[in-house]
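Structural characterization, general
Spelled out, the chains give:
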Amino acid sequence: MSATGSESYLLSLKGVSKAFGANQALSGVDFEVGAGEVVALVGDNGAGKSTLVKAIAGVQLCDEGEFHFKGKPVRISSPQDATALGIATVYQDLALCDNLDVVANLYLGREVFSNGAARGAFLIDETTMEQSSLKLLQALAVTTIHDVRVHVGSLSGGQRQAVAIARSLLGEPSVVLLDEPTAALGVSQTEQVLSLIGTLRDRGLGVVVISHNLENVFAVADRIIVLRLGKRSATFDVRGVSREDVVAAITGAEFGVRPAAAKEDA
Amino acid sequence: MSAEQDSAPSTGIVGMIRELGRKLAQGEAGPLLVLLMVAAIWTFFQFQNDRFLSPGNLTNLMLQQSAVATISIGVVLILLLGEIDLSVGAVSGLAASVMAVLVVNRGVSPVLAVIAALALGALIGLFNGFMITRFRIPSFVVTLAGSLTWVGVQLLVLGETGTINLGDNFITQLTSTFFPPMIGWAVAVLAIVLTAAFAFLARTGRQRSGLPVEPMRSLFVRTGIIGAAFIALVLVVNQDRGLPLVVCIVFALVLAFAYITEHTRFGRHVFAVGGNAEAARRAGIKIDHVRIMVFTLGSTLAAAGGVLAASRLMAVNQSSGSSDLLLMAIAGPVIAGTSLFGGRGTAWSAILGAVVIGSIANGMNLLAFASSVKFIVTGAVLIAAVTIESVTRMRRRGTQDT
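Residues numbered from 1 in each chain as written. Chains lettered and ligands numbered in written order. Predicted model: local features only at pLDDT ≥ 70, side-chain atom pairs only at ≥ 80, totals over all residues.

In terms of helices and strands, chain B carries 17 helices and 4 strands. Computed over C-alpha atoms, the radius of gyration of chain B comes to 22 Å, within 12% of the 21 Å expected from 2.2 N^0.38 for 402 residues, which places it in the range of a compact globule. On the principal axes, the C-alpha backbone points of chain B span a range of 70 × 55 × 45 Å. Per-residue burial over chain B gives 41% buried out of 402 residues. (Helix = DSSP H or I, 4+ residues; strand = E, 2+ residues; numbered from the N terminus. Rg over C-alpha atoms; globule rule 2.2 N^0.38 Å. Buried ≥ 20, exposed ≤ 12 C-beta atoms within 10 Å, placed from the backbone.)

Structure follows, in structure tokens:
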């Protein structure tokens with residue numbers, strides 16, 4: 001049903017397959033995300049979501065498949081390749097240092113040096129880093145973090161997620177992959193993260209969200225791509241589809257009443 | 001002055017006390033807690049023996065603890081990584097022995113011999129770091145095995161006689177040089193001026209960039225406290241032999257490593273590896289390089305501590321670097337708030353911890369306690385410190401689960 005040419009998407013994958021021994025984790029999966037679009041990747045445990053995301057992030061190579069980025073064929077064979085193209089990934093564990101403050105976490109591994117004489121003493125330019133951290137959080141409309149000098153360990157789950165997402169944006173990516181961004185968050189914190197995802201879309205980024213939580217998926221996504229047993233089993237426009245349709249596509253069950261609901265691609 | 005209101009949340013006395021209580025409970029008020037501890041220990045011993053707080057005894061305390069404090073700086077770096085180095089005592093003994101043999105038996109110039117001792121320390125640290133990162137052996141195993149080996153090598157180096165007297169030279173002068181009163185005051189004034197100037201410059205820089213700054217009042221209070229400490233120090237040592245050179249050396253080392261850990265990229269990465277090594281790796285930090293560098297610095301500082309200990313003793317013998325030196329060097333920073341679990345701490349805890357541990361040991365010696373009691377007390381203090389650290393760590397964890 002989404003028969004648009006691959007050149008109109010930021011990132012598109014064709015026929016991605018990956019096997020772990022005898023287990024075919026992905027077989028011939030297509031995937032695409034456009035600019036200013038939130039795509040939700042859903043599916044049951046073992047459906048191949050993480051394998052697909054790891055392939056895009058360059059963490060794990062796939063056996064076969066074509067990658068196109070901004071219309072050009074590319075190869076992603078390492079996390080550095082993905083980052084260089086402009087694909088940022090925020091993993092579920094967030095990879096933050098709890099013992100460092102927000103600024104230090106945002107700039108971890110890319111600290112800014114001072115100019116002039118202080119450069120010779122390897123002095124970190126805290127002022128510049130703090131200024132741009134505040135600017136970045138402001139641009140993302142993250143209003144819950146007032147003090148960027150507090151240790152990340154003392155922040156709430158939603159705030160930590162916001163820090164992790166903000167950090168991924170420092171490299172000016174065009175595609176952001178979010179792995180279970182709302183897992184283990186309370187209601188208001190989930191709200192904050194969902195609105196942050198909305199901000200990313202408004203900035204013209206392509207956002208891929210992996211989630212188990214269909215309520216959140218419906219709240220934030222434009223398109224829903226369903227994986228089932230390593231195949232892309234359905235694609236929905238979020239307008240004009242019901243929860244039951246998506247659940248049916250995920251489980252593969254004929255859920256009784258609506259036989260025509262799940263439109264099988266595969 | 002208008003930007004000052006931003007940073008300081010409006011709190012009354014009650015709010016301040018509550019904030020202080022929270023900081024104590026979560027282990028963020030480390031230095032304050034330690035100062036209270038020092039005050040309690042000093043009051044206790046002063047009541048037991050009024051020579052404890054005499055200028056002579058306090059100067060002796062500084063001289064005794066300078067070696068421990070130096071070794072502890074290296075231990076702090078290693079603890080920040082969440083690792084441990086059990087060989088710092090043995091390395092200090094071996095480095096001092098090699099130095100003594102070079103000077104006394106081989107006629108090498110003392111300065112060169114000190115450099116050789118430091119280089120040997122660096123080499124041992126490099127080896128430790130290599131074993132830990134290349135073969136993924138836990139640091140306590142590598143350094144425990146190492147400590148046995150280095151003690152053996154020390155006995156080998158010292159040979160038959162077992163004791164080498166250093167005589168009067170550059171090495172012994174490190175701990176027997178005292179500055180005249182005027183120079184002591186000059187150092188104190190310089191330290192206060194520099195402290196105030198740097199604090200003021202940093203504040204102005206933040207203000208110019210429109211960032212929240214601390215109130216001028218608290219800057220004055222902080223500078224005042226540091227200034228008072230320097231004045232008290234010089235006042236005390238001038239009543240005895242004067243400001244010891246070794247105190248300046250240890251202070252300069254702590255200052256340098258406080259700067260490295262808090263204001264440079266390398267220091268930031270040390271904290272990151274200690275806090276979450278996987279996160280540091282994913283952020284592109286070469287975590288193995290950081291580890292090797294830290295172990296190298298740790299053993300180099302241990303060797304430096306060995307040189308100072310030999311200088312103080314004016315000799316090196318078979319028990320140099322052994323006995324409770326290792327325990328004191330590790331316990332000090334932990335008591336003064338550096339975490340055993342990595343990612344939290346400061347180079348200043350090396351000095352603070354050495355003062356706490358040294359005060360207890362010195363006081364018990366003055367009171368002529370039996371060594372049985374001394375061992376028990378020192379052990380109990382260490383356990384208490386580690387327990388407090390563990391409890392505050394659990395509390396910190398607790399606040400995250402919201």
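Read on for the rest.
All right, on to unusual backbone geometry then. Residues and elements named next belong to chain A. At Glu 172, a position not held by glycine, the phi torsion is positive, near 50°. By the element assignment, Glu 172 lies in the loop between helix H6 (157-169) and strand E7 (175-179). One non-glycine residue, Glu 180, adopts positive backbone phi at about 45°. One can find Glu 180 in the loop between E7 and helix H7 (187-202).

Time to look at the sheet that holds strand E3 (residues 37-43) of chain A. All names here are of chain A. What the 6 strands build is an open sheet, ordered E6-E7-E8-E3-E9-E10; its pairing is mixed. Of all strands in the sheet, those bounded by a partner on one side alone are strand E6 (87-90) and strand E10 (231-237). Taken pair by pair, the neighbouring strands of this sheet meet at an average axis angle of 20°, ignoring direction. Note that E3 and strand E9 (residues 223-228) share 5 bridges and pair parallel. For Ala 40, the partnering residue across the bridge sits in E9 and is Ile 224. Set on the sheet, H6 makes contact with E6 and E7; between it and E6 the angle comes to about 165°. Running at roughly 25° to E9, helix H9 (residues 243-251) makes contact with E3, E9 and E10 of the sheet. (Pairing = 2+ DSSP bridges. Axes fitted to C-alpha atoms, helices over the stretch in contact; angles between N-to-C directions. Contact = placed C-beta atoms within 7 Å.)

The next point concerns the pairing of E3 of chain A. All names here are of chain A. In terms of residue burial, E3 counts as a mostly covered element, since 6 of its 7 residues are buried. Both E3 and strand E8 (residues 206-210) contribute to a ladder of 5 bridges, which runs parallel. When the sheet's bridge partners are listed, Ala 40 is paired in E8 with Val 209.

In short, geometric facts, not functional conclusions.
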